[in-house]
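# Structural features, examined
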Amino acid sequence: MRVDIISIFPDYLAPLDLSLMGKAPVALTVHDLRTWTSDVHRTVDDTPYGGGPGMVMRPEPWGLALDSVLSPGARLLVPSPAGAPFTQKMAHALAEEEHLVFACGRYEGIDQRVIEHYAATEVSLGDYVLFGGEVAVLVMMEAIVRLLPGVLGNASSLDDESHAHGLLETPVYTKPASWREHEVPAVLRSGDHGKVARWRRDQALLRTAARRPDLLAALDPATLDKRDIAL
Ligand code: 6GU
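All of these numbers come straight from a predicted model, not from anything done at the bench.

### Here's the deal with the UniProt feature "binding site: S-adenosyl-L-methionine" (unreviewed entry) in the chain
Residues annotated by UniProt as "binding site: S-adenosyl-L-methionine" (unreviewed entry) correspond here to Gly105, Leu125, Gly126, Asp127, Tyr128, Val129 and Leu130. With respect to the helices, strands and loops of the structure, glycine 105 is situated in the loop between strand E6 (99-103) and helix H4 (112-117). Beyond its immediate sequence surroundings of up to four residues, glycine 105 is in contact with Met57, Val78, Ser80, Ile110, Gly132 and Gly133. You can see leucine 130 is positioned in the loop between strand E7 (121-124) and helix H5 (134-145). Here leucine 130 falls in the partly exposed class, since 16 other C-beta atoms lie within 10 Å of it. With residues near it in sequence (within four places) discarded, leucine 130 still touches Val135 and Ala136.

What follows is the structure in structure tokens.
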């Protein structure tokens, strides 16, 4: 997979070089948007038409940057609190792409004509506001890259993790069996694999009901079985 990231703070993306990308099959390039400015101040922003607070990123540097970086089949993503929610399902879809390009906005965002001209997908991490898209790209890249073939040691761990089946993950325990008078649930030490599976499924359902009733409501009823705990 090829990934290009364009930002006015390329140093912000340094953790990608350092951490996960070491072993991942990803050809990563981080670009400084100011490379595509030509004035002495290397200006990337201006005041918003219609008034209002803050500054908006000008379309010209973005146009030159994206003309230079995009390939014919590339998928362009623009992190924005106004985007569609980034989900595990989206991470799986993006992990299948040949070439991803992330355009990181700052200030009040990028001139909307750039989004439209390049048919970019605006994506949000959740209902809160960050200074800019850089940290959001770190998050999305981590979610995508760990799904690439050969990145996770144990591929089966992808199967029962949170959101894989629309439920939150079950709690986990390791040795010692007793720690500060907190005991590991006896069922996990029983050796009865059927009972363990049943308990884990119930815990995932109970947790999801308590913490994410929205996920539970969205579950396909066909994925529930009659032995599931009544919620
Ligand atoms: Cl993707 N970008 C910004 N700037 N803020 C956000 C976000 C993205 N997701 C949530 N808040």
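### Some words on helix H2 (residues 59-69)
Within the sequence span of H2, burial applies to Pro61, Trp62, Ala65 and Leu66. The buried side chains of H2 occupy one side of the element, clustering within an arc of 120° when seen end-on. In H2, the exposed residues that point more than 90 degrees away from the buried face are Asp67 and Ser68. Tucked inside the fold, the buried residues of H2 contact strand E1 (2-7), strand E2 (27-32), strand E4 (56-57), E6 and H4.

So, how was this worked out
Residues numbered from 1 in each chain as written. Predicted model: local features only at pLDDT ≥ 70, side-chain atom pairs only at ≥ 80, totals over all residues. UniProt positions renumbered as here; feature names shortened; annotations may be inferred. Helix = DSSP H or I, 4+ residues; strand = E, 2+ residues; numbered from the N terminus. Contact = placed C-beta atoms within 7 Å. Buried ≥ 20, exposed ≤ 12 C-beta atoms within 10 Å, placed from the backbone. Arc of directions from axis to C-beta.

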